[in-house]
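Results of the structural survey
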Amino acid sequence: MLIVMKFGGTSVGSAERIAQAAALVTASCDKGHQVVVVTSAMSGVTNALVDAAHAAAKGHLDTALRGKLYERHKAAADALIPDATARAAALEQVDRRLDRFEKLCYGLSMVHELTPRLLDAISGTGEMLAAPVVAGAIAARGRASSAVETTEVVVTTDQFGGAEPLMDQTRARMSARIRPMIERGESPVLTGFIGATADGVPTTLGRGGSDYSASIVGAALDAGEIWIWTDVDGVLSANPSEVPDARTLAEISYSEASELAYYGAKVLHYKTILPAFQKRIPVRILNSFNPGHPGTRVSVEGDASVPGVKAVTSIRGVSLIAISGTGMQGIPGIVAKAFDVVAEQQSNVLMISQASSENNMCFVISAADAPRVVRALRTALEFELARGHIEEIASQPAAVVAAIGDRMRGTPGIAATVFGALGAQRINVIAISQGSSERNISLVVAEADAAPAVRALHQAFRLDRAAVAVQ
Ligand code: ADP
Ligand code: ASP
Ligand code: MG
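A brief report on the enclosed structure follows. Not measured: the values here are computed from a predicted model.

Thoughts on the overall build of the protein chain
On a plain count of helices and strands, the protein chain comes out with 16 helices and 16 strands. In terms of C-alpha radius of gyration, the protein chain reaches 24 Å, essentially the compact-globule figure of 23 Å for 471 residues. Going through the 471 residues of the protein chain one by one, you find that 51% of them count as buried. Counting contacts in the protein chain only where the partners sit at least 6 residues apart, residues at least 24 apart contribute 77% of the total.

As structure tokens, this is what we get:
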């Protein structure tokens with residue numbers, strides 16, 4: 001079977017971790033599988049690159065970073081690639097990419113302007129540094145491997161900072177470039193997170209996007225499975241760093257996985273599921289620190305025997321925008337105008353809620369977009385504000401908490417449990433929305449209430465206990 005294995009930042013964070021990743025790859029090859037690797041940057045590298053780019057655009061060059069990054073990758077290469085020629089080749093590639101990074105930063109420090117296009121060219125460097133070292137480590141274990149920069153094979157739109165794959169062109173390039181490597185018995189190591197436009201301008205898929213890369217690569221190659229190696233035992237019933245007794249969900253459906261990722265479970269980039277789902281490729285989320293654990297399997301059916309809520313998630317760093325006024329009733333078009341403005345501002349709406357009296361509508365967007373969107377709304381709805389149809393357009397920092405499960409549909413009493421649990425903790429719910437798919441209930445709460453709300457819901461639905469199948 002062809003398996004695409006993606007290793008996240010902590011799973012390639014040091015020589016020791018890369019050794020473990022290489023061992024996991026070669027163990028699967030020894031079992032007769034073909035493996036294509038997708039690697040993230042070593043942990044912390046992307047953040048350092050992004051910070052350096054912003055600093056350079058303000059005229060501050062971080063002259064030490066190039067040396068630090070080189071030393072970190074060299075230390076890994078020294079430990080993992082015993083063959084001197086192979087090691088020198090990997091390090092030459094690292095040096096070439098660092099050279100380009102340094103020149104780009106120098107350019108930014110001259111022009112004092114950081115465009116999304118340049119930020120992508122810089123922030124995608126981390127994966128380019130990691131791939132030759134990971135490939136060298138696999139080759140050192142006796143399995144032929146070489147690094148491939150996905151700027152060559154993943155063709156995307158030019159939405160810098162959040163590019164979308166163009167699957168037909170990507171598929172054609174993957175067939176031409178990667179398929180022959182697999183057929184020769186190699187395990188190529190592809191860079192996650194990055195791609196390029198058809199003209200070759202580098203792009204990124206958005207922060208955390210290596211998961212998405214794995215799914216794109218898996219779909220383009222018609223892989224048998226996609227394995228996401230991370231630092232926790234799969235997808236859990238809540239973020240384990242927030243809810244210590246969260247449990248691994250052994251089996252979830254594609255739709256549950258998408259909802260979880262969309263509503264803040266960082267373990268999967270929110271776009272990861274679609275390419276895999278379109279090809280019905282099973283996805284596994286596994287722990288590279290605990291590889292014996294079976295992790296989570298994402299499939300069409302999920303675990304249909306478990307009713308009700310399976311997981312609780314939260315999204316932080318959002319703002320609730322409320323448009324209110326008694327005169328909004330019966331005035332057509334206010335909602336349409338408001339969402340036109342949000343779209344013009346290229347802001348993504350995470351959740352919408354409208355009171356049935358029509359006196360108030362509210363929606364949630366990223367906090368970073370809020371000041372801009374509110375300003376644009378006040379301009380676009382100037383007439384309605386002047387006439388008093390709208391009394392207020394307000395924004396407040398908030399968090400979204402979501403309870404998720406395919407079989408919430410047809411399970412009565414869920415809303416009552418949600419509100420009972422939050423009420424008991426005196427957590428104020430600012431707005432609610434239930435998708436018509438009935439796969440989630442999402443609530444807006446004050447930011448400070450997010451963690452207590454997640455814990456209260458996890459407890460109320462007894463998610464710390466093994467799921468019991470209903471007869
Ligand atoms: P990687 O570098 O492997 O891509 P990430 O840090 O992006 O790893 O994602 C894994 C992290 O996601 C976990 O360490 C955990 O803190 C966080 N996380 C949030 N919600 C969940 C959840 N429901 N299940 C598992 N992990 C979660
Ligand atoms: N290295 C990228 C990031 O930190 C992509 C990823 O790790 O998924 O955002
Ligand atoms: Mg990640």
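Comments concerning the site of ligand 2
Every residue close to ligand 2 is listed here: Ser40, Thr46, Glu127, Phe193, Arg207, Gly208, Gly209 and Ser210. In this structure, a nitrogen atom belonging to ligand 2 sits 2.8 Å away from a side-chain N or O atom of Thr46. Between ligand 2 and Glu127, the relevant distance is 2.6 Å, taken from a nitrogen atom to a side-chain nitrogen or oxygen of the residue. In isolation ligand 2 has 260 Å² of accessible area, and contact with the protein removes 85% of it. Classifying every residue of the shell around ligand 2 gives one nonpolar, five polar and two charged.

Considerations on the pattern of salt bridges
A side chain with one charge may pair with a side chain of the opposite charge, provided their charged atoms come close. Tallying each qualifying case throughout the model produces 21 salt bridges. One salt bridge connects Arg284 with Glu225, and the closest N-O pair in it is separated by 2.7 Å. Placement of the pair is Arg284 in strand E9 (residues 283–287) and Glu225 in strand E7 (residues 225–230), with a sequence separation of 59 residues. A salt bridge links Glu384 to Lys337, with the shortest nitrogen-to-oxygen separation between them at 2.8 Å. With Glu384 in helix H14 (residues 382–387) and Lys337 in helix H12 (residues 334–344), this residue pair connects regions lying 47 residues apart in the sequence. Overall, Glu384 belongs to the buried group, its relative accessible area being 7%. What emerges from the salt-bridge pattern is a single network uniting Arg66, Asp95, Asp99, Glu102 and Lys103.

Things to note about helix H4 (residues 84–111)
The end-to-end C-alpha distance of H4, which contains 28 residues, comes to 41 Å, matching closely the 40 Å that a straight helix rising 1.5 Å per residue would cover. Of all the residues in H4, the buried ones are Ala90, Leu91, Gln93, Val94, Arg97, Leu98, Phe101, Cys105, Leu108 and Ser109. Here the buried face of H4 lies against helix H2 (45–57), helix H3 (65–80), helix H5 (116–123) and helix H6 (125–140). Count one or two residues on from H4 and you reach His112, which has phi positive near 55°.

Thoughts on the sheet that holds strand E8 (residues 251–253)
With respect to topology, eight strands assemble into an open sheet ordered E3-E4-E2-E1-E7-E9-E10-E8, the strand pairing being mixed. Of all strands in the sheet, those with a lone pairing partner are strand E3 (147–148) and E8, marking the two edges. Sheet topology places E7 next to E9; five bridges connect them, and they run parallel. When the sheet's bridge partners are listed, Ile226 is paired in E9 with Val283. Along the sheet face, helix H10 (residues 254–262) touches E8 and strand E10 (296–299) and points at about 85° away from the line of E8.

As for the nonpolar core
Membership of the largest hydrophobic core comes to 54 residues, with the highest contact counts inside it found for Val36 and Ile178. Sequence-distant contacts of Ile178, that is, excluding residues within four places in its chain, are made with Val36, Val148, Val153, Arg173, Pro188, Leu190 and Leu221.

Regarding the site of ligand 1
The immediate surroundings of ligand 1 are formed by 16 residues, with Lys6, Thr230, Asp231, Leu236 and Lys266 found nearest. Here Lys6 contributes a side-chain N or O atom positioned 3.0 Å from an oxygen atom of ligand 1. Here Gly9 contributes a backbone N or O atom positioned 3.1 Å from an oxygen atom of ligand 1. When the free accessible area of ligand 1 is taken as 570 Å², the share hidden by the protein chains comes to 85%. Among the residues making up the shell around ligand 1, the classes are represented as seven nonpolar, six polar and three charged.

Some points on the packing of H3 against H4
In the contact formed by H3 and H4, the axes pass within 10 Å of each other and the chain directions differ by 165°. The orientation of H3 relative to H4 falls into the category roughly antiparallel. Of the two possible hands of crossing, H3 and H4 adopt the one that is right-handed. Residues Leu65, Arg66, Leu69, Tyr70, His73, Lys74, Ala77 and Asp78 of H3 lie in contact with H4, whose contacting residues are Arg87, Leu91, Val94, Asp95, Leu98, Asp99, Phe101 and Glu102. Of the residues belonging to the contact of H3 with H4, the class tally is eight nonpolar, one polar and seven charged.

Focus: the side chain of Glu259
Note on placement: Glu259 falls in helix H10. Of the side chains with opposite charge, Arg439 comes closest to the buried, unpaired Glu259, at an N-O distance of 5.1 Å. Polar contacts involving the side chain of Glu259 include one to the side chain of Asn440, which spans 2.6 Å.

Thresholds, definitions, all that
Residues numbered from 1 in each chain as written. Chains lettered and ligands numbered in written order. Predicted model: local features only at pLDDT ≥ 70, side-chain atom pairs only at ≥ 80, totals over all residues. Heavy atoms only, no water. Helix = DSSP H or I, 4+ residues; strand = E, 2+ residues; numbered from the N terminus. Rg over C-alpha atoms; globule rule 2.2 N^0.38 Å. Buried < 20%, exposed > 50% of the residue type's maximum accessible area, 1.4 Å probe, protein only. Contact = heavy atoms within 4.5 Å. Near = heavy atom within 4 Å. Polar contact = N/O pair within 3.5 Å; in protein donor to acceptor, adjacent residues only side chain to side chain. Areas by Shrake-Rupley, 256 points an atom, 1.4 Å probe, with all protein chains shown as cover. Nonpolar A, V, L, I, M, F, W, Y, C, P; charged D, E, K, R; others polar. Salt bridge = Lys/Arg side-chain N within 4 Å of Asp/Glu carboxyl O. Expected span 1.5 Å × (residues − 1). Pairing = 2+ DSSP bridges. Axes fitted to C-alpha atoms, helices over the stretch in contact; angles between N-to-C directions. Core = buried A, V, L, I, M, F, W, Y, C linked by side-chain atoms within 4.5 Å. Parallel < 35°, antiparallel > 145°, perpendicular 65-115°, else oblique. Left-handed = near helix turned anticlockwise from the far one by under 90°. Lys, Arg positive; Asp, Glu negative; His and termini not counted.

As far as function goes, none of this settles anything; it's purely spatial.
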